[in-house]
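# Breakdown of the fold
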Amino acid sequence: MKIKKRTIALIFYFILLLLPIYWMLNMSLRTNADILSTFSLYPREITIANYVKIFTDSSWYSGYINSIIYVSINTLISLFTALPAAYAFSRYRFIGDSQMFFWLLTNRMAPAAVFLLPFFQLYSTFGLIDTHIAVALAHCLFNVPLAVWILEGFMSGVPREIDETAYIDGYSFPGFFVMIFMPLIRSGVGVTAFFCFMFSWVELLFARTLTTTVAKPIAAIMTRTVSATGLDWGLLSAAGILTIVPGALVIWFVRNHMAKGFAMGRV
Amino acid sequence: MNLEWMAWTLPTAIFFITIICILIAMTTWQIISPCIKRRGFIPLSTTRGDRLFIGLLSSAYIHLAWLGLTNFTIWIAFVFSLVWMGVVMRWG
Amino acid sequence: MNKWEDNKAWFLVLPVFVIVAFSAIIPLMTVVNYSIQDIFGPGERVFVGLEWFKEVLGDPRLHEALMRQFLFSGLVLLIEIPLGIGIALLMPKKGWGASLSLVLMALPLLIPWNVIGTIWIVFTRPDIGLLGSFINGMGIPFDHTASPTQAWITLMLMEVWHWTPLVVLLAYAGLRAIPEAYFQAAKIDGASAWAVFKYIQLPKMRGVLTIALLLRFMDSFLIYAEPFVLTGGGPGNTTTFLSIYLVKIAVGQFDLGPAAAFSLIYFLIILLLSWLFYQVLQNAGKGDA
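Just so we're clear, the structure is a prediction, and the values are computed from it rather than from any experiment. (Residues numbered from 1 in each chain as written. Chains lettered and ligands numbered in written order. Predicted model: local features only at pLDDT ≥ 70, side-chain atom pairs only at ≥ 80, totals over all residues.)

## Concerning the overall build of chain B
Condition: Numbering goes from the N terminus for both helices and strands, where a helix is a DSSP run of H or I of at least four residues and a strand is a run of E of at least two. Atoms considered for the radius of gyration are the C-alpha atoms alone. The globule rule reads 2.2 Å times the number of residues to the power 0.38. C-beta atoms are placed from the backbone for every residue, and two residues are taken to be in contact when these atoms lie within 7 Å.
Counting secondary structure elements, chain B contains three helices and two strands. The helix and strand sequence of chain B, counted from the amino end, reads α-β-β-α-α. Compactness check: chain B gives a C-alpha radius of gyration of 16 Å against a globular reference of 12 Å for 92 residues, more than 25% above the reference. Seen through its C-alpha atoms, chain B measures out along the principal axes to roughly 45 × 40 × 15 Å. Counting only contacts in chain B whose residues sit at least 6 apart along the sequence, the fraction spanning at least 24 positions is 48%.

## Describing the overall build of chain A
Rules: Burial is judged by counting other C-beta atoms within 10 Å of a residue's own C-beta: 20 or more means buried, 12 or fewer means exposed, and anything between counts as partly exposed, with every C-beta placed from the backbone.
Counting its regular elements, chain A contains 13 helices and three strands. Dimensions of chain A along its principal axes, counting C-alpha atoms only, are 70 × 65 × 30 Å. The buried share of chain A, taken over its 267 residues, is 49%. Put simply, of all contacts in chain A between residues at least 6 apart along the chain, 81% involve residues at least 24 apart.

## Some words on the packing of helix α4 (residues 58-91) of chain A against helix α10 (residues 186-202) of chain A
Residue and element names in this part refer to chain A. What counts, and what does not: An axis is simply a line fitted to the C-alpha atoms; with a helix, the fit covers only the stretch in contact. Between two such axes, the angle follows the N-to-C directions and lies from 0 to 180 degrees. For classification, angles of less than 35 degrees are called roughly parallel, those exceeding 145 degrees roughly antiparallel, those between 65 and 115 degrees roughly perpendicular, and all remaining angles oblique. What makes a crossing left-handed is the near helix being turned counterclockwise from the far one by less than a right angle; a clockwise turn instead makes it right-handed. When residues are sorted by character, Ala, Val, Leu, Ile, Met, Phe, Trp, Tyr, Cys and Pro go into the nonpolar class, Asp, Glu, Lys and Arg into the charged class, and all the rest, Gly among them, into the polar class.
Where α4 meets α10, the axes come as close as 9 Å, and the angle between the chain directions of the two elements is 140°. By the angle between their directions, the pair α4 and α10 is classed as oblique. Considering only the axes of α4 and α10, their crossing is right-handed. Contact residues: Ser 67, Val 71, Asn 74, Thr 75, Ser 78 and Leu 79 in α4; Val 189, Thr 192, Ala 193, Cys 196, Phe 197, Ser 200 and Trp 201 in α10. Among the residues making up the contact of α4 with α10, the classes are represented as seven nonpolar, six polar and no charged.

## Considering the interface of chain B and chain A
Listed per partner, the contact involves eight residues of chain B and six residues of chain A. Of all the elements, helix α2 (residues 48-69) of chain B adds the most residues to the side of chain B that touches chain A, at three residues. Class assignment for the residues of the side of chain B that touches chain A results in three nonpolar, four polar and one charged.

## Description of the interface of chain C and chain A
In plain terms, the rule: Think of it this way: DSSP has to see at least two bridges between two strands before they count as a pair.
With 76 residues of chain C at the contact, the number on the chain A side is 83 residues. Here the element with the most residues in the side of chain C that touches chain A is helix α1 (residues 10-34) of chain C; it accounts for 13 residues. A breakdown of the residues in the side of chain C that touches chain A according to their chemical character gives 59 nonpolar, eleven polar and six charged. Bridging between strand β1 (residues 92-93) of chain A and strand β1 (residues 4-5) of chain C involves two bridges; their strand directions are parallel. In the sheet register, Arg 93 of chain A faces β1 of chain C, and the bridge partner there is Glu 5 of chain C.

## Description of the domain arrangement of chain A
Residue and element names in this part refer to chain A. Rules: All domain edges in this entry derive from an automatic or database-based domain assignment.
Its domain assignment divides chain A into domain 1 (1-47) and domain 2 (57-260). Put simply, the middle of domain 1 and the middle of domain 2, counted by C-alpha atoms, are 30 Å apart. Counting residues at the interface gives eight residues for domain 1, matched by seven residues for domain 2. If you list the elements that add at least two residues to the side of domain 1 that touches domain 2, you get α1 (2-28) and α2 (32-37). Among the elements that line the side of domain 1 that touches domain 2, the one with the most residues is α1, at four residues. Class assignment for the residues of the side of domain 1 that touches domain 2 results in four nonpolar, three polar and one charged.

## With respect to the nonpolar core
Among soluble globular proteins, nonpolar side chains are generally buried collectively. Selection criterion: In this description, a nonpolar core means buried residues of the types Ala, Val, Leu, Ile, Met, Phe, Trp, Tyr and Cys, linked to one another by C-beta atoms lying within 7 Å.
Within the largest apolar cluster, 167 residues are counted, with the highest numbers of intra-cluster contacts made by Val 148 and Leu 151 of chain A together with Ala 171 and Ala 212 of chain C. In this structure, this core is formed jointly by two domains, domain 1 (1-47) and domain 2 (57-260) of chain A, each of which donates at least three residues. Here Ala 212 of chain C is in contact with Ile 81, Gly 84, Leu 166, Val 167, Leu 170 and Ala 171 of chain C, once residues within four sequence places are set aside.

## A few points about helix α4 (residues 96-106) of chain C
Note: α-helices contain 3.6 residues per turn, so residues at a spacing of three or four share the same orientation. Just so we agree on the cut-off: Arc definition: directions from the helix axis to the C-beta atoms.
Within the span of α4 of chain C, buried status applies to Ser 101, Leu 102, Met 105 and Ala 106 of chain C. The buried residues of α4 of chain C all sit within an arc of 120° when viewed along its axis, so they share a single face.

## Remarks on unusual backbone geometry
All names here are of chain A. Here Asp 130, not a glycine, exhibits a phi torsion of approximately 65°, which is positive. Take Asp 130: it is sitting in the loop between α6 (112-125) and α7 (132-156). Residue Asp 130 is classed as partly exposed on the basis of its 16 C-beta neighbours within 10 Å.

## Thoughts on the environment of Tyr 171 of chain A
All names here are of chain A. Within the element layout of this structure, Tyr 171 appears in the loop between α8 (160-168) and α9 (173-184). On the neighbour-count criterion, Tyr 171 (17 C-beta atoms within 10 Å) is partly exposed. Residues contacting Tyr 171, with those up to four places away along its chain left out, are Ala 166, Phe 176 and Ile 180.

## So, the confidence of the model for chain B
Residues and elements named next belong to chain B. What counts here: The predictor attaches a confidence to each residue, and that confidence, scored 0 to 100, is pLDDT.
Chain-level statistics for chain B give a pLDDT mean of 86 and a share of 99% at 70 or above. The weakest mean pLDDT in chain B belongs to strand β2 (residues 45-46) at 81; the strongest belongs to helix α1 (residues 10-32) at 90. Predicted as a complex, the structure gets a pTM of 0.88 and an ipTM equal to 0.89.

## Comments concerning the packing of helix α3 (residues 60-90) of chain C against helix α7 (residues 148-176) of chain C
Residues and elements named next belong to chain C. Where α3 meets α7, the closest approach of the two axes is 7 Å, and the angle between their N-to-C directions is 45°. Classified by the interaxial angle, the pair formed by α3 and α7 is oblique. Seen along the crossing, α3 lies across α7 with a hand that is right-handed. Within the contact between the two elements, α3 uses Leu 75, Val 76, Ile 79, Glu 80, Ile 81, Leu 83, Gly 84, Ile 85, Ile 87 and Ala 88 and α7 uses Met 156, Glu 159, Val 160, Trp 163, Thr 164, Val 167, Val 168, Ala 171, Tyr 172 and Leu 175. Looking at the contact of α3 with α7 residue by residue, the class counts come to 16 nonpolar, two polar and two charged.

In structure tokens, the structure reads:
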């Protein structure tokens with residue numbers, strides 16, 4: 001019964017994984033007074049007041065819209081610049097290639113705290129403060145290198161003979177790239193898109209520094225639930241549950257690309 | 001465009017200009033005579049660029065160690081680093 | 001793999017270079033400039049040479065924070081990488097089970113980091129939190145705000161809960177990219193599951209595992225929001241990691257110069273270790289291939 005054991009182990013892991021999220025869901029359906037006064041495994045009196053507040057108060061729901069806008073811009077920029085670059089790194093040898101490849105990754109290594117001030121100054125100089133594009137560009141700093149690295153890994157897995165055959169068959173570079181190569185690395189593109197989305201979605205420091213009102217992200221708005229009377233746990237949990245939804249949708253759309261991988265011998 | 005906030009000083013300007021010059025020189029050198037990966041005393045097969053990176057990074061650590069462990073002037077560490085860079089580039 | 005030699009490939013890399021350099025190089029230069037000056041305000045600054053570096057290097061609290069950081073990142077890698085690979089191997093290969101697993105797996109990754117800390121505060125509270133009251137119910141007095149050991153255990157639990165899915169997703173994608181023909185060949189040869197793992201799956205996952213390892217190393221070494229919210233660096237200073245200490249200097253005391261020097265040293269440490277990891281993993285593969 002080997003299969004059975006595997007499934008049980010996996011289900012056990014998922015239960016542990018979901019417990020904190022279940023707790024968040026539980027709290028989101030209760031009032032703050034109820035959460036603080038009684039311990040309860042499930043909400044006894046379900047209230048959707050927390051969700052109603054988020055969906056009706058524009059200062060709340062605009063946060064989601066802002067986040068979705070800059071995250072989408074960032075994911076698109078990251079993918080479209082990283083695809084050709086990753087192809088270059090996986091197929092060609094050129095001056096400074098390995099140095100360049102590693103340098104890209106070093107941009108994830110800077111501790112943000114001190115870099116935030118010059119960042120703010122730089123984006124002010126270009127008049128970009130409080131715009132979605134500013135946050136999208138700033139997040140490119142760590143997402144583009146990640147995209148290049150992940151895509152390069154997948155592209156190196158595709159034998160070079162495929163490229164050569166296609167060129168002999170008379171494909172131009174763009175034609176080959178879109179028609180033949182992209183389908184082969186679909187799984188990589190899916191994973192990359194998801195990771196870009198995810199890292200941009202949860203990042204708080206840059207997003208908070210570069211925005212004031214118009215483009216304020218949801219993660220920054222959520223810190224507002226801390227007030228003089230303490231934290232409004234119910235509202236915070238409801239907002240937390242809602243932050244999961246867009247990402248869950250993204251991974252739902254890319255799941256097939258992720259699961260299928262690529263079938264060899266298609267070309 | 002006002003870039004006063006970058007807080008430039010002469011030493012840092014010289015530092016970055018030197019780095020840029022080194023990069024330009026390395027690129028030109030590579031174009032004139034491309035180098036082949038080889039193996040020296042560093043347990044990796046390296047190109048010229050790799051050795052430059054290793055040299056610069058270890059020089060940074062030499063400076064930090066000097067600052068942290070001794071009270072002598074930093075210029076001694078600087079001379080050490082130059083010699084070390086030369087050794088890495090030649091025999092690394 | 002032999003690559004084509006062509007410097008025109010630079011044109012393909014150029015967009016990436018421009019977009020990253022825009023955000024990377026000028027702030028980095030500015031931080032280097034800060035690190036050798038005493039900054040009082042806009043336009044008011046005094047050159048101090050390498051004074052800040054010396055001060056930061058001799059700071060005993062920094063040494064302690066660094067040791068804590070090494071321990072933390074070491075534990076993170078030792079737990080998350082094997083666990084992540086193991087779970088990726090357990091996950092179904094196709095069908096609705098695969099889709100469901102992928103979506104569930106991604107959930108913890110999608111919560112903003114400050115919220116993760118906040119949720120875990122409640123989750124581990126002995127009076128109203130599920131985990132806290134469960135442990136208390138077993139007769140163990142649990143309060144991570146008082147006991148350093150329990151603070152560490154809570155942090156590790158949160159960290160493993162939060163980030164193992166990242167390793168799983170990468171490893172899973174790597175596994176799916178292995179052509180079925182390899183497994184068929186292994187089956188014909190009568191290879192054991194362990195042999196298949198060791199000689200086919202693990203070497204083929206090297207690329208994604210390199211990324212997973214480097215990402216987990218860098219992000220855990222830079223970790224800030226989650227422990228800051230959950231423990232605030234306490235009890236005492238027992239969970240004050242490098243970034244928490246850095247923010248204390250940079251924002252709390254507004255000492256821009258020392259904080260900049262600290263950042264650069266911090267950066268150099270990550271740079272060296274990541275480079276070593278990268279080289280080791282690159283060369284580990286050459287033996288297998």
